[in-house]
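Close look at the chain arrangement
Residue strings, one per chain:
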Amino acid sequence: QVQLVESGGELVQTGGSLRLSCAASGRALSNYIIGWFRQAPGKEREFVATITYSGSSTFYADSVKGRFTISRDNDRDTVSLQMNSLKPEDTAVYYCAARGGSWYYATSATDFNYWGRGTQVTVSS
């Protein structure tokens, strides 16, 4: 079983950038398809991006496409989410999630088996 830990969240101004990281213990991240989700206060958890085992394929929510980039370094056992041109509506707790199985555009939280505790991203206007 894998344990996931997110880092990198902080307060940033509108238009700024942040890089979130997801690290693992217990089992290597390379064994999993990884997704990023976010949850704002009073809202449901929503899909942000996902990346396949090798990093060869990615998929993004329309709301972040062109601004966020998901990537992975299997040698360093990390997955990153580069977030540019941040907007106040990007404010949320961001979660890293992992699943096995075949690659497909999994966008539901129920598709993922393992979750980190989240890291807070706050974008000030």
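A short tour of the structure in this document, coming up.

Turning our attention to the environment of Tyr95. Along the chain, Tyr95 turns up in strand β9 (residues 92-99). A C-alpha to C-alpha distance of 8.7 Å links Tyr95 and Val5, two positions 90 residues apart in sequence. Discounting chain neighbours no more than four positions away, the residues touching Tyr95 are Glu6, Gly35, Trp36, Phe37, Gln39, Arg45, Trp115, Gly116, Arg117 and Gly118.

So, about the pairing of strand β3 (residues 18-25). Pairing between strand β1 (residues 3-7) and β3: five bridges, direction antiparallel. Following the sheet pairing, Glu6 is matched in β3 by Cys22. Of the strand pairs in this sheet, β3 and strand β8 (residues 78-83) are connected by six bridges, and their pairing is antiparallel. If you follow Ser21 over to β8, its bridge partner there is Ser80.

The next point concerns the pattern of salt bridges. Taken as a whole and judged by the stated rule, the model has five salt bridges. Connected through salt bridges with shared partners, the residues Arg38, Glu46, Arg67 and Asp90 form a single ionic network.

Let us look at the sheet that holds β8. Here four strands make up an open sheet; going across it, the order is β1-β3-β8-β7 and the pairing antiparallel. Single-partner strands in this sheet number two, and they are β1 and β7 (68-73). When the angles between neighbouring strand axes are averaged without regard to direction, this sheet yields 20 degrees. Here β7 pairs with β8 via six bridges, running antiparallel. Paired with Arg72 across the two strands is Val79, which belongs to β8.

Thresholds applied
Each chain has its residues counted from 1, following the order in which its sequence is written. The predicted origin of the model limits local features to residues at a pLDDT of at least 70 and limits the giving and counting of side-chain atom pairs to 80 or more, whereas totals for whole chains, interfaces and linings rest on all residues. Hydrogens and waters are ignored; side-chain quantities use all the structure's heavy atoms. Each helix is a run of DSSP H or I of at least 4 residues and each strand a run of E of at least 2, with the numbering of both proceeding from the N terminus. Throughout, a contact is declared for two residues whenever any of their heavy atoms are within 4.5 Å. Strands are treated as partners if at least two bridges between them are detected by DSSP. Salt bridges, as used here, are contacts in which a Lys or Arg side-chain nitrogen is within 4 Å of a carboxyl oxygen on Asp or Glu. Whenever a helix is involved, its axis is fitted only over the stretch in contact; in every case the axis is a line through C-alpha atoms, and angles between N-to-C directions fall within 0 to 180 degrees.

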